[in-house]
Amino acid sequence: MLKLAIFGSGSGTNCQAIIDAVEAGMLDAEIRCVLSDVADAYILERARKHHIPAIHFDCAPFKTKLDGEAEQKVLQILEDHDVNFIALAGFMRIVKNGLLNTYAGRIINIHPSLLPSFPGLDSGKQAFDYGVKHTGCTVHFVDAGVDTGAIINQKTIAIEDSDTRESMMEKLHAQEHIAYPEALQWIAEGRIQLDGRRITLGPCLSG
Ligand code: GAR
């Protein structure tokens, strides 16, 4: 059973999609807690509405990473909540070695582009401004690089001439909300097989 912690810094629509998938019986997981580095992030409110522990942690003095004392506190929170898997969902900080080593191979992220195109920040804007005709989202394992881990799931959208960045992002988010629960369910079923960088879906091992 996946005992999930979901990390986010913002509105938490991907977290909501994961909560909804669990509640609908489409995802074999328990959400043990939702964590945010932003005290008033709406992701925490979403968790509270579903009676899921919602925890804010302070990352000071770091502005862009989760490291040092904050990382130690987070590791303790995860242990206290018996977490065995981490889903980053709009978590806007770089995860460092303490968390990566403790949860090696058990941290995944969703990114709003078709990696390896447009890693890093503002990927939707980057893709739109570049003028690509297709973009999408990627669910991938987290490693020490920025958006470089092995790819689990991708969904694409077409960017029509009539699209604005806003309408493109709306379509993209809708695909994220499908891709993330789907990827988590593959992991829950023990279907993910990693061969070098390539992930293939094996038979279900859990049932
Ligand atoms: C999502 O689009 C996710 O892909 C992106 O932040 C958004 C969070 O939305 N993540 C990143 O950019 C990570 N580099 P949400 O809070 O509504 O789930």
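The notes below deal with the structure included here. (Residues numbered from 1 in each chain as written. Predicted model: local features only at pLDDT ≥ 70, side-chain atom pairs only at ≥ 80, totals over all residues. Heavy atoms only, no water.)

### Examining helix 2 (residues 42-49)
Among the residues of helix 2, those classed as buried are Ile43, Leu44, Arg46 and Ala47. Burial along helix 2 is one-sided: seen end-on, the buried residues are contained in an arc of 155°. Contacts made by the buried residues of helix 2 are with strand 1 (2-8), helix 1 (13-23), strand 2 (29-36) and strand 3 (54-56). Phi for His51, located one or two positions after helix 2, is positive at around 60°. (Buried < 20%, exposed > 50% of the residue type's maximum accessible area, 1.4 Å probe, protein only. Helix = DSSP H or I, 4+ residues; strand = E, 2+ residues; numbered from the N terminus. Arc of directions from axis to C-beta. Contact = heavy atoms within 4.5 Å.)

### Topic: the site of the ligand
Near the ligand the following residues occur: Ser11, Gly12, Thr13, Asn14, Gly90, Met92, Ile110, His111, Pro112, His173 and Glu176. Here Thr13 contributes a side-chain N or O atom positioned 2.5 Å from an oxygen atom of the ligand. At 3.5 Å, a backbone N or O of Ile110 approaches an oxygen atom of the ligand. For the ligand, the protein covers 86% of the area, taking 450 Å² as the surface of the free molecule. The set of elements that each furnish at least two residues to the shell around the ligand consists of helix 1, strand 7 (107-111) and helix 6 (165-188). Tallied by class, the residues present in the shell around the ligand amount to 3 nonpolar, 7 polar and 1 charged. (Near = heavy atom within 4 Å. Polar contact = N/O pair within 3.5 Å; in protein donor to acceptor, adjacent residues only side chain to side chain. Areas by Shrake-Rupley, 256 points an atom, 1.4 Å probe, with all protein chains shown as cover. Nonpolar A, V, L, I, M, F, W, Y, C, P; charged D, E, K, R; others polar.)

### Section: the pairing of strand 7
In terms of residue burial, strand 7 counts as a mostly covered element, since 5 of its 5 residues are buried. Across the two faces of strand 7 the burial is the same, with Ile107, Asn109 and His111 and Ile108 and Ile110 all buried. Two strands pair when backbone bridges link them, and strand 5 (residues 85-88) and strand 7 are joined in this way by 3 bridges, in the parallel orientation. Note on strand 7: the bridge partner recorded for Ile86 is Ile107. The pairing of strand 7 with strand 8 (residues 134-141) spans 4 bridges and is classified as antiparallel. Paired with Asn109 across the two strands is His140, which belongs to strand 8. (Pairing = 2+ DSSP bridges.)

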